[in-house]
Amino acid sequence: MIVSHDVDGPVEGPVVVLLHSSVCDRRMWEPQWQPLIEAGFRVVRMDFRTCGESPAGQAPYSDAGDVRDLLDHLGAQRASLVGSSYGGRIALQVAALHPERVASLLLLCPGRPGHVPSAELRKFGAAEDVFLDAGDLAGAAEFNAQTWLGPDADAGTHALVRAMQLRNFEIALAVTESHELPESPVDLAAVAAPTLVVGGAHDHPDFRGIAAGLPGLVPGAEHVELPWAGHLPSLERPALTTRLMLEFLPRA
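Presented here is a report on the structure given in the accompanying data block. Because the structure is a prediction, the values reported are computed rather than measured.

**So, the pairing of strand 6 (residues 195-200)**
Successive side chains on a regular strand alternate, one facing one side of the sheet and the next facing the other. Taking burial as the measure, the six residues of strand 6 include six buried ones, the bulk of the element. Burial along strand 6 is two-sided: Thr195, Val197 and Gly199 facing one way and Leu196, Val198 and Gly200 facing the other are all buried. By the bridge criterion, four bridges tie strand 5 (residues 102-108) to strand 6 in an arrangement that is parallel. The residue of strand 6 that forms the bridge with Leu106 is Leu196. Pairing of strand 6 with strand 7 (residues 222-226), which is carried by five bridges, proceeds in the parallel orientation. Among the inter-strand pairings, Leu196 is bridged to a residue of strand 7, identified as Glu222. In terms of handedness, the path from strand 6 via helix 7 (residues 205-213) over to strand 7 forms a crossover that is right-handed.

**Brief notes about the packing of aromatic side chains**
Here the distance between the centres and the angle between the planes together describe a pair of aromatic rings. Under the defined criterion, the tally for this structure stands at five aromatic pairs. Measuring from ring centre to ring centre gives 5.2 Å for Phe124 and Phe143, while their planes differ by 20°; the resulting arrangement is stacked. Placement of Phe124 in helix 4 (residues 119-133) and of Phe143 in helix 5 (residues 137-148) is noted, with a sequence separation of 19 residues between them. For Phe124, a relative accessible area of 14% gives the class buried. Look at Trp148 and Phe207: their rings are 5.7 Å apart centre to centre, the planes differ by 90°, and that puts the pair in the edge-to-face class. Remark: Phe207 occurs in helix 7 and Trp148 occurs in helix 5; sequence separation between them is 59 residues. This pair shows no difference in class: Trp148 is buried, exactly as Phe207 is. Ring-pair connections join several aromatic residues into one group, and the members of that group are Phe124, Phe131, Phe143, Trp148 and Phe207. One residue, Arg45, lies across the ring of Trp33, its end atom 4.3 Å from the ring centre. The lysine or arginine in question, Arg49, covers the ring of Tyr61, its NZ or CZ lying 4.2 Å from the ring centre.

**Notes on the nonpolar core**
Within soluble globular proteins, side chains that are nonpolar generally end up buried alongside one another. Of all hydrophobic cores here, the largest spans 66 residues; its most connected members are Val82, Leu105 and Val161. Sort the elements by how many residues they give to this core and helix 3 (residues 86-97) lands first, with six residues. If we skip the residues at most four places from it in the chain, Val161 touches Val23, Cys24, Ala145, Leu149, Leu232 and Leu235.

Definitions and limits used
- Along each chain, residue indices are assigned from 1 in the same order as the chain's sequence is written.
- Whole-chain, interface and lining totals are the exception, using all residues; otherwise, since this is a predicted model, local features are given only for residues with pLDDT of at least 70 and side-chain atom pairs are given and counted only at 80 or more.
- Note that the side-chain values use all heavy atoms of the structure and ignore hydrogens as well as water.
- Only protein chains enter the area calculation, which uses a 1.4 Å probe; residues under 20% of their type maximum are buried, those over 50% are exposed, and those in between are partly exposed.
- In this text, helices come from DSSP runs of H or I with a minimum length of four residues, and strands from runs of E with a minimum of two, each type numbered from the N-terminal end.
- A pair of strands is treated as paired once DSSP finds two or more bridges between them.
- With the strands aimed away from the viewer, a crossover counts as right-handed if its path from the first strand over the helix to the second runs clockwise.
- Ring geometry is summarised as follows: Phe, Tyr and Trp rings, the Trp one being its six-membered ring, pair when their centres sit within 6.5 Å, and such pairs are stacked at plane angles under 30 degrees, edge-to-face over 60 and tilted between the two.
- Lysine NZ or arginine CZ positioned within 6 Å of the ring centre and within 35 degrees of the ring normal marks a charge as sitting over the ring.
- Residues grouped as a nonpolar core are buried Ala, Val, Leu, Ile, Met, Phe, Trp, Tyr and Cys residues, joined through side-chain atoms within 4.5 Å.
- In what follows, residue pairs with any heavy atoms lying within 4.5 Å of each other are defined as contacts.

Pasting the structure below:
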């Protein structure tokens, strides 16, 4: 199955694939969509399984495999990957497993394959489960929006994140059997693409630590921390994040 996606921009332009946070779906990239197209990129955004418009898997799958399959479907031999949070984790998997397919990596407050959650992050998960176990999906969505958005996010952004997260909860809870394959270990030293890792000063400590630590694991990776950002900088200050993306992404 090819996951739900959008693609636009010059057919011969360098391909950029936008990978969303698990709190969101591909709508999170709306502020960056048109500016990237106007800059000459062939832009792709996709929904992971059970997110947005992508249904649950009916056969064994992995999200990294879905990214690879989408690239094959589009005839893209190489692409730059931009990943937010969980999307960054998947981007790292793709870049480690298929280094010849990845031209560059831009990771926004990324997760990391193999990361063991801290007690504080497990506490967040337990608090989220209280809402979900009570059937309060709207409350769980609001809790996530409040947790993951930084201080610069406006009311419209909060509403969008709530809506995206609520949709993801509704799809996931309707799934009776998961076909997602267990995550395979990856060697991040195999990543060959130029890599920029962006952290947020207002982000959860686990994710701040992942961002700061990736240059020690990914050859040549650079790290910058945005003093204003929470966990979702592309939504919190869209114009500044778009500028950062345009400055980093290769044009050829």
